[in-house]
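Here's the letter readout for the chains.
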Amino acid sequence: EGGGQTYLAEGGEKLLVKVIGPAFAATARQSVSIMRFLEERGFPVPQTVLTRSGEAMTELPTDDGNRLVTVQAFIEGDEPDLTKRAEDVGALVGRLHNLLAQFPGEVTEHGKPFFIGRYLDFLRRKGYPRLGEYEELGERLWRRVEDQCPAVCHGDLHRGNLLEDGDRQIFVLDFDTVCRAPVLFDVSVMCDMTDYFHLREADIDTASAVYERFLAGSGGVRALDPAERRSFCDWVAIRHFQLQATILEIHGIDCGGERFLAVQPVL
């Protein structure tokens, strides 16, 4: 359960039935629209089961308002091992970005206020004593990436949103947070192999190796310019600003104490 409920329906075939509440209706409609757009172009996303009239969603009247219902084919699989399939994932993500660039719908654009500003606002509200250090860090990081052109991105492209089936086909899931942002945002989220709270040298080495192999796979599909390629570590740090703000938005400003704030973002 999140903004609604997801059920596994088992009959002749396994299906996912998603029931979405009114507060998330617009997000759900955009997500399904993008998935249908990708599916129609042969990109590996879960298949949407259409209604008899050919619609991707239908409405279910309830006592507290109409809810949207969508049905997808259930995919048996597991999260792929990126240390083994980084090149394949790189090519897949490059293809995804090329297709998303053709998506005709409007998507939200995320810039410095989203990536940096939200977390600083939380720190100000809490009267955090090291606010000045985080303001300086945020400014320094954003100056290093601010010239990168935004593109349509997945917006939450972590490894848990990939699914590898028994035939080694990799599918991309969860298009609820599609946005316009620099593509290195997506790439850094995918290739960051470090632990969110415990920075270890070995994990940095693993992330660097995965990133280079990812680029080898994506280069033939969607090449990055030199400045983008060099910004991986910057985007990992920016991601920590963004993710920390999202955690506080979901769980409340008092969900973490002094230590929770002090160890983030990790560089």
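What you see is a predicted model, and the numbers here were worked out from it, not measured in a lab.

How each quantity is defined
- Residues numbered from 1 in each chain as written.
- Predicted model: local features only at pLDDT ≥ 70, side-chain atom pairs only at ≥ 80, totals over all residues.
- Heavy atoms only, no water.
- Core = buried A, V, L, I, M, F, W, Y, C linked by side-chain atoms within 4.5 Å.
- Buried < 20%, exposed > 50% of the residue type's maximum accessible area, 1.4 Å probe, protein only.
- Contact = heavy atoms within 4.5 Å.
- Pairing = 2+ DSSP bridges.
- Helix = DSSP H or I, 4+ residues; strand = E, 2+ residues; numbered from the N terminus.
- Axes fitted to C-alpha atoms, helices over the stretch in contact; angles between N-to-C directions.
- 1 Å grid on protein atoms, 1.4 Å probe; cavity = no way out; pocket = protein on both sides within 12 Å on 5 of 7 lines; lining within 4 Å.
- Points joined across faces, edges and corners; volume = space filled by probe spheres on them.
- Nonpolar A, V, L, I, M, F, W, Y, C, P; charged D, E, K, R; others polar.
- Expected span 1.5 Å × (residues − 1).

K.L.:
Could you clarify how one ought to interpret the nonpolar core in this entry?
P.N.:
Formed by 66 residues in total, the largest nonpolar core has its most connected members in Leu38, Phe115 and Phe175. Leave out the neighbours within four places in its chain, and Phe115 touches His110, Trp142, Ala181, Phe185, Trp235, Ile238, Phe241 and Gln242. Ile20, Ala25, Val32 and Ala56 belong to the second largest nonpolar core, which has seven residues in total.

K.L.:
In this structure, what is going on with the sheet that holds strand E8 (residues 150-153)? I would like to understand it.
P.N.:
Within a sheet, neighbouring strands are paired by backbone hydrogen bonds and run either parallel or antiparallel to one another. Strand order in this open sheet of three strands is E7-E11-E8, and the pairing throughout is mixed. In this open sheet, the two strands that pair with only one neighbour each are strand E7 (108-109) and E8. Those strands touched by helix H5 (residues 183-191) are E8 and strand E11 (179-182), and its axis lies near 85° from that of E11.

K.L.:
Honestly, the layout of surface pockets in this entry has me stumped. Any pointers?
P.N.:
Using a probe with the size of a water molecule, rolled over the atoms, empty space left in the structure can be pinpointed. Considered as a void within the structure, the largest pocket measures approximately 1400 Å³ in volume. Around the largest pocket, the lining is made up of 44 residues, and of these Thr27, Asp174, Phe175, Asp176 and Thr177 lie nearest the centre. Within the residue set of the lining of the largest pocket, elements represented by two or more residues are strand E1 (4-10), strand E2 (14-20), helix H1 (25-40), strand E5 (67-73), helix H3 (112-126) and helix H8 (232-251). When grouped by side-chain class, the residues that make up the lining of the largest pocket number 20 nonpolar, 16 polar and eight charged.

K.L.:
Sorry, what's going on with unusual backbone geometry here?
P.N.:
The bulk of non-glycine residues show a negative phi, and the bulk of peptide bonds are trans. The phi angle at Arg168 is positive, at roughly 70°, despite the residue not being glycine. Assignment of secondary structure puts Arg168 in the loop between strand E9 (162-165) and strand E10 (170-172). Backbone geometry at Asp174 places phi at a positive 60°, although glycine is not the residue there. Among the structural elements, Asp174 can be located in the loop between E10 and E11.

K.L.:
Explanation requested: empty space enclosed by the protein in the structure shown.
P.N.:
All told, the structure shown has one cavity of 30 Å³ or more when counted by the stated rule. In this structure, the largest cavity occupies an estimated 50 Å³ of space. Contributing to the lining of the largest cavity are Val93, Gly94, His97, Val183, Val187, Phe214, Ser218, Arg222 and Leu224. Within the residue set of the lining of the largest cavity, elements represented by two or more residues are helix H2 (82-100), H5 and helix H6 (201-218). With three residues, H2 is the largest single contributor of residues to the lining of the largest cavity. Its residues assigned to classes, the lining of the largest cavity shows five nonpolar, three polar and one charged.

K.L.:
Can you help me understand the side chain of Gln72 in this one?
P.N.:
Relative to the assigned elements, Gln72 resides in strand E5. Judged by its relative accessible area of 5%, Gln72 is buried. Each residue touching Gln72, except ones within four places of it in the same chain, is listed here: Leu15, Leu16, Lys18, Met35, Pro46, Gln47, Thr48 and Val49.

K.L.:
Can you walk me through the sheet that holds strand E6 (residues 77-78) in this structure?
P.N.:
A sheet is described by the order of its strands in space; here three strands give the open sequence E6-E9-E10, paired in antiparallel fashion. Two strands lie at the open edges of the sheet, namely E6 and E10, each paired on one side alone. In this sheet, E9 lies alongside E6 in antiparallel orientation, the contact comprising two bridges. Within E9, the residue paired with Asp78 across the bridge is Glu164. Together, E9 and E10 form the strand contacts of H2, whose direction differs from that of E10 by roughly 40°.

K.L.:
Just to check I follow, could you spell out H1 for this structure?
P.N.:
Think of an α-helix as turning once every 3.6 residues; residues three or four places apart then point the same way. Spanning 16 residues, H1 covers 22 Å between terminal C-alpha atoms, matching the ideal 22 Å at 1.5 Å per step. Among all positions in H1, only Ala25, Ala28, Ser31, Val32, Ile34, Met35, Arg36, Phe37 and Leu38 are buried. Summarising the contacts, the buried residues of H1 are in contact with E2, strand E3 (48-49), E5 and H2. Immediately beyond the C-terminal end of H1, within one or two residues, lies Gly42, with a positive phi of roughly 80°.

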